[in-house]
Structures are given as C-alpha cells and as structure tokens.
Amino acid sequence: MQQCILLVGFCCYGLKLLDMSILRNEIKNNLTQLKDEIDQIFAGGRDTVLSEVTVGQVYGGMRGLTALVCNTSFVDPYSGLHVGKYTVEELADRFPEEIFFLLCTGKLPGLDFLSEFRNELNERAGVPQYTWDMLRVLPEDTHPMSMLSLGILSMEQESVFKKNYLKGIAKADYWKYTLEDALNVIAKLPELAAGIYRIRFCDGKLIERDPELDWAANLALMLGLPDSGNEFANLMRLYLVLHCDHEGGNVSAFTSRVVNSALSDLYYAISAGLNGLAGPLHGLANQECLRFILAIKEKYGDDVDESQVKQFVLDTLDGGKVIPGYGHAVLRVTDPRFKEFMNFGKQHCSDDVCYQIANKLFHVVPDILKTYKGGKVANPWPNVDAASGSLLYKYGLNQFDYYTVLFGVSRVLGFCAQNVLAQGLGQPIIRPKSVTNKWVAEKLMENKVNS
Ligand SMILES: CC(=O)SCCNC(=O)CCNC(=O)[C@H](O)C(C)(C)COP(=O)(O)OP(=O)(O)OC[C@H]1O[C@@H](n2cnc3c(N)ncnc32)[C@H](O)[C@@H]1OP(=O)(O)O
Ligand SMILES: O=C([O-])CC(=O)C(=O)O
C-alpha cells in the first residue's frame, strides 16, 4: 500500500504544485501591486521618453542607457545595492533565504518563514544521480563554473514549467510553475555546489546535508573544509546575502532574463546566466582578485608595504591589464558590499596576510586609478569582488577557481526572483533592434542635413 502511495506521488511529481503558501501569497500580492503601478505609469504616459541613446552608448555596451525595468533590486551609483527598501548594511545580518523572499515579494518575511522554507527545501533537495555521474566523467581540469552550469542544465528535463507548458497552461500561471522550478533549483544548489568542490578538489566523496541546518550552513557543512566551524558558516551566510542580485542590467541577470523571456525554462536561463557570471570582467573577478593578492604576497613576502603594492598595481596597469575588484559599470563609490566584507575581515581575520594585502590595495588603488590615463576609469573604487577571496582563503578554501561557484549559488536567487516576477507580469520576449554601421552613418548624415 505504502509503495502504491509512493508511486502515485512519484507519477505526479513535477506536475503538482507543492504548498509554499506564505511565499506564494506574498508574491501574488507583490504582483498585484506591481501591475497596479504599471497601469498607473502607462496611464500617465506610455509614450514618455525615459532615456535617449547616443551613438557612443550603442557602440559602448549600452552603458548608462535606461532600457530595462527590474523590481527585485536597484543599484544607486552612490549608495549601492537596495533590495526592496533595504540597503546592504540593513541586510547583512539576514539569512539568504530571507533575501530570496525579499527579492520576490519586496518584503522581509515573518518569523515562521525560515522554518517553512527549510522544510520545503528539505522536501525538494537531492541532486539526481545522473548529474553526479555526468560531473564525474568531465575532464579533471574542467572549470568549476562549467561544472555548475552543466550541473543545472543536466536537470533541465525535470522542469515543472516545461512539463506543464507542454500540457497547456494559461499565461497568467507561468510564474507559479517558474517558482516551482526556482524552489527545486534553490533546494539542490548547496548540494550541487559543494559536490562540485568535493569532486573537483577533494577525494570525490560527497558529504550529506543536514536537514536541520539553514541553506548557507548546509553549504559550509557539505564543502567539508577541515576545522571551518561556525565562523565559516557565518561568512557563507554573509557571502550568499551580499551576492544575491544587482538589478537587471548586469551580464548574468540580463542573460538569464533574456533566455527566460523566450520561455526557455529556468534551468536553461540559470545555466546561461552562470555562463555570463563566469567571465573575468564579471563574477570571475573574485578569483582573479585573490590570484592578484597572492601574486603580491609571492613577490614581496608577508610584510609587503604600501609602496610595493603601489608598484605592483602600476606594473599591472602598464602591462595593459585591469586591476581586478576595482571599477564598476554603475557604482561610483566604494561598494557597500566590499565594506561589509572588510568589516567581517576586521573582526575575524585582521591578522591574516591576504586580508591585510586587500586592505593595502584599498589604500592605494583608488588614487592610482583616479588619474590613470587621464582618469579614463569611471569608478576607481573597489567592488564586491575585491575582498571576498581573501576571507574564503583564510578559512581554508584555497582553490580559488572555485570562488565564482559560491557567487553563482547566491546570484541564482536573483535570477529566480527576476524571472518569476517577469513571468508574473506577463513580460514579453526581449528583442531590441540592432543596426549596421551603414545605418548609423546614414543617420548621422540625415541629422547633419536636417540641422
Ligand atoms: C560582480 C561584478 O561584476 S563587479 C565587476 C568585477 N570586475 C572587475 O573587477 C574587473 C575590473 N574592472 C573592470 O574591468 C571594469 O571596471 C568593469 C568591467 C567592472 C566595468 O567596465 P566599464 O563600465 O566599461 O568601466 P569604465 O567605463 O570605467 O571603463 C573605461 C576604461 O577604464 C578601464 N578600466 C575600468 N576598470 C579598470 C580597472 N579596474 N583597472 C584598469 N582599467 C580599468 C576599462 O578597461 C576601460 O578601458 P578602455 O577604454 O581602454 O577600454
Ligand atoms: O552590476 C554589475 O554590473 C555587476 C554585478 O553584477 C555586481 O556588481 O554584483
């Protein structure tokens, strides 16, 4: 009899919606409010011009072009990331699970949420065996980000959205099935990410999750670092909170949204977003930062002074390379997320050489970048990646090829929330217009004639 019930449960798996009532109701409320706001905006002037686009912007990565709406989070150039109405400082002590709720609903959850969410994730956890089998046969030097992206993609046929879309569902319900996929992926992510670490850098033996632990503590546990302890779990919580989202235009979030806008399910969209995060100008900068710090340590030893650090930075720039962890497409101040990491370091790692070098870099790099090549660098200040690696290193996570995987685990929260809300708002496929050089040149001529 029990087997029968199990079988029925199994057959329905992927087609029924599990109960996640608090989150689901609050997303519904958020969508209602967002829809009302959009109706009012449209009533107030659908044809109002928000932003003009220059030739420079079209050829320059669309920098500064206001062309997207994203309601999960907002980045102010001078005060940094805001999730809902909260600043980074206000969220640093929260759990990543609460941040996911906030991204999706615009509100922080009540006291009951964490335990309901943990139960829900426990039900949905468990990476399929075929994913482990696939990861284990990849070449030994496969980058951990490729493994993460492939790991997610390998589970694509589990998509609840896809199964139901094929059966025929109403557009108004797309978000509910997208949320199902989001919860399934989020539940499996710590296990997948930690498993990638164990397969790629350790003996390949996986460590079981503990159903009593929160998301970040479970990740810390399953990595299996010797003597990492509670402090490392706290660093993981902070890390997974600080990297969660950065509005809609960053490479990875935008990629994920574009892919999902074609109704490719979340597995495709997350995998695609992670592929963008794996670039050194974006998420991979955090592994590059630690490589940079270790190169300074290697060259000058543990007692490196600021003038030596300065020389190393100048040599790097003269070699035509960027200083990883500095600069940003939107921010124009020291990233508040960097400050939070530095605060953590000050409290727990102040005697660590890598943390100290990260601090020395902070003292010298901005002044150098401010005047470098006539001040061409728009933002000379550190971004989120400048300090995180030195903290991970201190706790024994010394395989820095792995660092962007942790960034990815956190950023998936943002991909999921952005796509759930976009589906709930019925947003259309994203397809801006491109033109040729010839078209632009003709436009310039036309403007000259008319002026
Ligand atoms: C999670 C994140 O994605 S945060 C960013 C992580 N990336 C890094 O830390 C890598 C180092 N930083 C950079 O490469 C850039 O600052 C980016 C990619 C973050 C932003 O790029 P942009 O918005 O184009 O920056 P910006 O307008 O300042 O670029 C102007 C010039 O300054 C250069 N520049 C920008 N930042 C730096 C830097 N840290 N070191 C040296 N040169 C820099 C650019 O390469 C560009 O040079 P070019 O005109 O010869 O092509
Ligand atoms: O916003 C960006 O362009 C880069 C990013 O994702 C971040 O800083 O977290």
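Residues numbered from 1 in each chain as written. Chains lettered and ligands numbered in written order. Predicted model: local features only at pLDDT ≥ 70, side-chain atom pairs only at ≥ 80, totals over all residues.

1. Details of the overall build of the protein
Moving on, step 1. Secondary structure summary: the protein contains 21 helices and three strands in total.
Moving on, step 2. Taking 2.2 N^0.38 as the reference for a compact globule, 451 residues should give roughly 22 Å; the C-alpha atoms of the protein span a radius of gyration of 23 Å, in line with that estimate.
Moving on, step 3. The principal-axis extent of the C-alpha atoms belonging to the protein is close to 75 × 70 × 45 Å.
Moving on, step 4. Across the 451 residues in the protein, those meeting the buried criterion constitute 43%.
Moving on, step 5. Within the protein, counting contacts between residues at least 6 apart in sequence, those at least 24 apart form 77% of the total. (Helix = DSSP H or I, 4+ residues; strand = E, 2+ residues; numbered from the N terminus. Rg over C-alpha atoms; globule rule 2.2 N^0.38 Å. Buried ≥ 20, exposed ≤ 12 C-beta atoms within 10 Å, placed from the backbone. Contact = placed C-beta atoms within 7 Å.)

2. Remarks on the site of ligand 2
Moving on, step 1. In the region of ligand 2, the neighbouring residues are H246, N250, A329, V330, N383 and V384.
Moving on, step 2. By residue class, the composition of the shell around ligand 2 is three nonpolar, three polar and no charged. (Near = placed C-beta within 6 Å. Nonpolar A, V, L, I, M, F, W, Y, C, P; charged D, E, K, R; others polar.)

3. Notes on the packing of helix 15 (residues 285–300) against helix 19 (residues 385–394)
Moving on, step 1. Interaxial distance between helix 15 and helix 19 falls to 8 Å at its minimum, and their mutual angle equals 70 degrees. One element, helix 15, and the other, helix 19, form an angle in the roughly perpendicular class. Classified by chirality, the crossing of helix 19 by helix 15 is right-handed. When helix 15 is examined against helix 19, the residues A285, N286, Q287, C289, L290 and I293 are found in contact with a partner set consisting of D385, A386, S388, G389, S390 and Y393.
Moving on, step 2. In terms of residue class, the contact of helix 15 with helix 19 is built from six nonpolar, five polar and one charged. (Axes fitted to C-alpha atoms, helices over the stretch in contact; angles between N-to-C directions. Parallel < 35°, antiparallel > 145°, perpendicular 65-115°, else oblique. Left-handed = near helix turned anticlockwise from the far one by under 90°.)

4. Notes on the domain arrangement of the protein
Moving on, step 1. As far as domains go, the protein holds domain 1 (100–282 + 401–424) and domain 2 (285–400).
Moving on, step 2. The interface of domain 1 with domain 2 comprises 19 residues on the first partner and 19 residues on the second.
Moving on, step 3. Contributing elements (two or more residues each) for the side of domain 1 that touches domain 2: helix 12 (229–242) and helix 20 (403–424).
Moving on, step 4. The biggest single contributor to the side of domain 1 that touches domain 2 is helix 12, with six residues.
Moving on, step 5. The residue makeup of the side of domain 1 that touches domain 2, split by class, is 13 nonpolar, four polar and two charged. (Domains from an automatic or database assignment.)

5. Comments concerning the sheet that holds strand 3 (residues 86–87)
Moving on, step 1. Pairing within the open sheet is antiparallel, and its three strands lie in the order 1-2-3. Looking at the sheet topology across the chains shown, the edges are occupied by strand 1 (73–76) and strand 3.
Moving on, step 2. As judged from the four bridges shared by strand 1 and strand 2 (residues 80–83), these two strands associate in the antiparallel manner. Residue pairing across strands places V75 opposite L81, the latter belonging to strand 2. (Pairing = 2+ DSSP bridges.)

6. Some remarks on the nonpolar core
Moving on, step 1. Judged by nonpolar contacts, the single largest core of 118 residues is most densely connected at I186, A193, L219 and C416.
Moving on, step 2. Residue contributions to this core peak at 16 residues, all from helix 10 (residues 174–201).
Moving on, step 3. Two domains each put at least three residues into this core: domain 1 (100–282 + 401–424) and domain 2 (285–400).
Moving on, step 4. Residues within four places of C416 in sequence aside, it is in contact with A182, V185, I186 and L266. (Core = buried A, V, L, I, M, F, W, Y, C linked by C-beta atoms within 7 Å.)

7. Here's the deal with the environment of K376
Moving on, step 1. Within the secondary structure layout, K376 lies in the loop between helix 18 (353–371) and helix 19.
Moving on, step 2. In this structure K376 comes out as exposed when scored by C-beta crowding, with 8 C-beta atoms within 10 Å.
Moving on, step 3. In this structure, the C-alpha to C-alpha distance between K376 and A329, residues 47 residues apart in sequence, is 13 Å.

8. Re unusual backbone geometry
Moving on, step 1. Even without being glycine, M62 reaches a positive phi, approximately 60 degrees.
Moving on, step 2. Along the chain, M62 turns up in the loop between helix 3 (55–59) and strand 1.
Moving on, step 3. For M62, a count of 16 C-beta atoms within 10 Å gives the class partly exposed.
Moving on, step 4. Positive phi values are uncommon outside glycine, yet L263 reaches one of about 65 degrees.
Moving on, step 5. Along the chain, the position of L263 falls in the loop between helix 13 (251–261) and helix 14 (266–277).

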